[in-house]
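Structure at a glance
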Amino acid sequence: MKKLFRLTLATTALINLGLLSSAYALDLYVDTKTKQIFAEPGPGRVHMGTFEKSEKKAAKAEAPQKVLATPAQAPVQESQTAEAEHKPAGDRLVRLREKADKEQLKNQVSVLEERVKEVEKIHGTFDDRGLHWATKDGNFSVSLNGRIQPAAQYNFINQADPATGTNTPNELDSGANIRRARLGVEGTFFKIWDYKFEYDFSRGNGTVGSGITDAFVRLNHTNALSYKIGSFKEPFSLEEAASNRFLTFIERHMSVNSFVDNPNTYKTGIGVNYAVPRFQTGLAFQTEPIGAWSAAATSVNANGNQNRNNGSGDTGWQGIGRISGRPWMEDDTKFLHVGVSAGHTAVNTQYRADGTMVGEGSNGGGGGMSFFAFPGTNVDRTNILNTGNLSNGALTDPNHRRITSYDRFGAEGWFVYGPFSAQTEFLRTNINGVGYNGEHLTGYYGFISYFLTGESKAYHVRNGAANRIKPKKPFQWNGTGWGAWEVAFGYDFIDMNSGVIKGGQADMVRMGLNWYPHSNVKFQTNIVHMLNIDTAQTPTTNTNGYSGGAGARTHGWDNGSISAFLTQLTVDF
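What counts, and where the lines are drawn
- Residues numbered from 1 in each chain as written.
- Predicted model: local features only at pLDDT ≥ 70, side-chain atom pairs only at ≥ 80, totals over all residues.
- Heavy atoms only, no water.
- Pairing = 2+ DSSP bridges.
- Helix = DSSP H or I, 4+ residues; strand = E, 2+ residues; numbered from the N terminus.
- 1 Å grid on protein atoms, 1.4 Å probe; cavity = no way out; pocket = protein on both sides within 12 Å on 5 of 7 lines; lining within 4 Å.
- Points joined across faces, edges and corners; volume = space filled by probe spheres on them.
- Nonpolar A, V, L, I, M, F, W, Y, C, P; charged D, E, K, R; others polar.
- Phe/Tyr/Trp six-rings, centres within 6.5 Å; stacked < 30°, edge-to-face > 60°.
- Buried < 20%, exposed > 50% of the residue type's maximum accessible area, 1.4 Å probe, protein only.
- Lys NZ or Arg CZ within 6 Å of the ring centre and 35° of its normal.
- Salt bridge = Lys/Arg side-chain N within 4 Å of Asp/Glu carboxyl O.
- Core = buried A, V, L, I, M, F, W, Y, C linked by side-chain atoms within 4.5 Å.
- Contact = heavy atoms within 4.5 Å.
- Patch = residues over 30% accessible without salt bridge, like charges linked within 9 Å, V, L, I, M, F, W, Y side chains within 5 Å.
- Areas by Shrake-Rupley, 256 points an atom, 1.4 Å probe, with all protein chains shown as cover.

So, on to the pairing of strand 13 (residues 317-331). Bridge analysis of strand 12 (residues 279-286) against strand 13 gives eight bridges, and the strand direction is antiparallel. Its bridge partner being in strand 13, threonine 281 is matched across the sheet by isoleucine 323. Sheet analysis places strand 13 next to strand 14 (residues 334-346), joined by twelve bridges and oriented antiparallel. From the neighbouring strand, arginine 322 faces strand 14, where its bridge partner is serine 341. Hairpin connection of strand 13 to strand 14: two residues between the antiparallel strands.

Okay, structure coming up:
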C-alpha cells in the first residue's frame, strides 16, 4: 500500500512539473509583411518557435564553486558566459522585437527605393509635341499642347456698292481678335495606341460642341499603318493637311476655305492612314461635324450633330481619300511632292409636313448646303461670294432645287529646292441633285516662297504636308541669331458661277513676310489685294436660297475694291 501511495505521489509531482514548465513556455509568430512579433497565430503570420524561461543560471549559482588557477579572472568570465548563454526569455523577446523593427525599417526603405525607381521611369521634355511626359519603357506618354494666334487687320482700300434698305453697310471692318486659341492633350498607351483631344475656344459661335477639333483614338498597326476613330480632319487637299501653325500665308486660299475648311474639315468617323517617307495615303468614312458651326451641319438643333432631335433627319455622310508622295527626292530639303484627293458627300435636306424646307436660305443648321468665300482676311471674314443654300423652295414648287450630294476632286503639287519652294492646287466641286445638271465650282492657287536665311520647308511624313520650321540661328538679343526670314508671293482664283448657281467669281494676289525667331514662334505680315470681284448675277432679293439680305450683300461687292494689311502672331507649345 505504501508502494502504491509513493508511486501515485511521484506521478503527480511529474505532472505538476510539466505544467510548471509549460507555464514558462511562449509561442511567437512573425508577420511576413510588417515583420512585427505576435504571441498569437493569425493571417500572414509564421510560427517562429516555442521559447521557455531558462533556470540554469540559478542551478549553477547553487553549485559549489571550484578553485581555479586564476581566481581573479575566471569567475568573471564564467559569469559573463553564463549570462550570454542563459539570458531570460524577456531579454530575448526584446532582441527579437529590435530585430523585427530593423527588418520593418529595411522593408520601408525598400518600398521607397522601388517608388523612386518607378518615378525615375517617367521623364519630361519640351519638344515639338509640347510639354511631354513618357515612361522609359515607352508604354505610356502624354503631351500638353496649345496655340494662340492674336491677329490684326487694317483695310486701306475698302470700296463696295452702298447697302440698300435695312441691310448693313457693304464693307470689311478693321480690327483685332484672337484668330485661334486651342488647348489639347495627346499621348500613347501600351505603345500601339495613341489619342488626341483638342478644343478651340475661338470657334463655335457659342456652342460648346463646335469648339472640338480633334477627338480621336488611333491604333498603330505598324509604324506606317494606322486606324483611327473619332473626330479628325478630312484627308483632302495639301494645304488643308498642313496645320494652320505651318501655313505660308496667314489664311488658306479661297478654294480650300470654300470647299474644305468652311464646311468644317473636322468630321466624325473612322479612317485609315499609311505613310512612309516617300508615300502617303489616307481614307475615311465620316459623317457630320460634332457641333453646329458649319454649313455641313444639318440638324435643326443648335448643338448640331452632337444632339440630333426629332425632325433633324439622318446625318450626312461621306467617303473621302487622298494619295500623295514624293516621286523625286534627293533629301528632305530637295523634293517634288504630288497628290490627288477625291470625295463623295451625301447631303441631308429636311422638309416639314406641308412640304416647306427647314432652314430655308440658311448656310446650314437645317439642311441643304452652301459654299461661300472670303478674301483671305483674318479678322473680318465676311463672305464676298455666296452660292446661297443649294436646297431651296418647297416640294410643291415645280422650280424647287435640292442638293443631294456633291463630289470633290483635287490635284496638288509642291516643289522644294533648298530655300526655294513653289506650291499649287486645283480643286473642283460637282453639285448633284434635283434641279442641277452638271453644275460645278472650281478654284486654284499658286505661290512661291524663299528663305532669306537659308532654311528650307520641312515635310510632315504622316500628313504629307508642311511641317515646323526650325531656324538655323534662333533669335538672340545679345548674339548673332536673327531667326528665319521668309518672303512669299501668290495668286488665288475661285469661280462659283455655274449653270443655275450664281455665287460669284473673284481673284486676288497676296504677299507675305514671315519671321520665325524660334521654332515655336512665328510672326506674319500679309498684304492682300483683290484684282476682280464679279457678283453681278447674284440676286438682290431673298430668293434662290438667299435670305436675310445675303444675296443683296453679295451683289453689292460686284466690281468692289479691297486691299488689306494683315498681321498675326503664332505661339504654340
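Moving on to empty space enclosed by the protein. Evaluated as defined, the whole model comprises four cavities of 30 Å³ or more. If you trace the largest cavity, you find 15 residues lining it, with Phe246, Thr248, Gln423, Phe447 and Ala466 closest to the centre. Contributing elements (two or more residues each) for the lining of the largest cavity: helix 5 (238-241), strand 18 (420-434) and strand 21 (465-466). Here the lining of the largest cavity is composed, by residue class, of nine nonpolar, four polar and two charged.

This part covers the packing of aromatic side chains. Inspection of the entire model under this criterion finds 23 aromatic pairs. Relative to tryptophan 193, the ring of phenylalanine 189 lies with its centre 6.0 Å away and its plane at 5°, an arrangement referred to as stacked. With relative accessibility at 32%, the residue tryptophan 193 sits in the partly exposed group. Ring pairs connect the aromatic residues Phe140, Phe189, Phe190, Trp193 and Tyr195, which therefore count as one cluster. The ring of phenylalanine 216 has lysine 228 lying over it, and the distance from NZ or CZ to the ring centre is 5.1 Å. Here the guanidinium or amino end of arginine 326 rests over the ring plane of tyrosine 459, the centre of that ring lying 3.7 Å away.

This paragraph deals with the pattern of salt bridges. The full count for this structure, using the stated rule, is 16 salt bridges. Lysine 196 serves as the salt-bridge partner of aspartate 214, at 3.3 Å between the closest nitrogen and oxygen. Note that aspartate 214 is positioned in strand 9 (residues 212-220) and lysine 196 in strand 8 (residues 193-200), a separation of 18 residues in sequence. Its salt-bridge partner being glutamate 240, residue arginine 252 comes within 3.6 Å of it at the nearest N-O pair. Placement of arginine 252 in the loop between helix 5 and helix 6 (254-261) and of glutamate 240 in helix 5 is noted, with a sequence separation of twelve residues between them. The burial state of arginine 252 is the same as that of glutamate 240; both residues are buried. What emerges from the salt-bridge pattern is a single network uniting Arg147, Arg182, Glu198 and Asp200.

In this section: the nonpolar core. Ranked by internal contacts, the top residues of the largest apolar core, which has 40 residues, are Phe259, Phe371, Leu385, Ile431 and Met496. When contributions to this core are tallied by element, the ones reaching two or more residues are helix 6, strand 17 (402-417), strand 18, strand 19 (440-451), strand 22 (484-498), strand 23 (501-518), strand 24 (521-534) and strand 25 (561-572). For this core, the leading source of residues is helix 6, giving four residues. Setting aside chain neighbours within four positions, we find phenylalanine 259 in contact with Phe371, Arg408, Leu427, Thr429, Leu441, Thr442, Gly443, Ile494 and Met496. Core analysis: the next-biggest nonpolar cluster, separate from the first, contains eleven residues, Leu247, Phe335, Trp414 and Ala466 among them.

In this section: a nonpolar patch on the surface. On the surface, a cluster of nonpolar side chains totalling about 950 Å² of accessible area is made up of Ile122, Phe126, Leu131, Trp133, Val142, Leu144, Leu183, Val185, Phe197, Phe201 and Phe573. At the level of elements, strand 4 (122-127), strand 5 (130-135), strand 6 (140-159) and strand 7 (175-189) are the ones that each hand at least two residues to the nonpolar patch. Here valine 185 is to be found in strand 7. Here valine 185 falls in the partly exposed class, since its relative accessible area comes to 30%.

Most of helix 6 is tucked away, with eight of its eight residues classed as buried. Within the span of helix 6, buried status applies to Met254, Ser255, Val256, Asn257, Ser258, Phe259, Val260 and Asp261.

Moving on to unusual backbone geometry. Unusually for a residue other than glycine, phenylalanine 190 sits at a positive phi of about 55°. Mapped onto the secondary structure, phenylalanine 190 falls in the loop between strand 7 and strand 8. Phenylalanine 190 sits in the exposed class, given a relative accessible area of 54%. At serine 237, a position not held by glycine, the phi torsion is positive, near 80°. Note that serine 237 resides in the loop between strand 10 (225-233) and helix 5.

Relative to strand 8, strand 7 runs antiparallel, the two sharing eight bridges. The residue of strand 8 that forms the bridge with phenylalanine 189 is tryptophan 193. Here strand 7 folds back onto strand 8 in antiparallel fashion, the turn holding three residues, of which phenylalanine 190 has a positive phi close to 55°. Strand direction decides the pairing type here: strand 8 and strand 9, joined by six bridges, are antiparallel.

Inspection of the secondary structure puts lysine 473 in the loop between strand 21 and strand 22. Residues lysine 473 and glutamate 455 lie 18 residues apart in sequence; the distance between their C-alpha atoms is 9.8 Å. Residues in contact with lysine 473, not counting those within four places in the same chain, are Glu455, Thr480, Gly481, Trp482 and Gly483.

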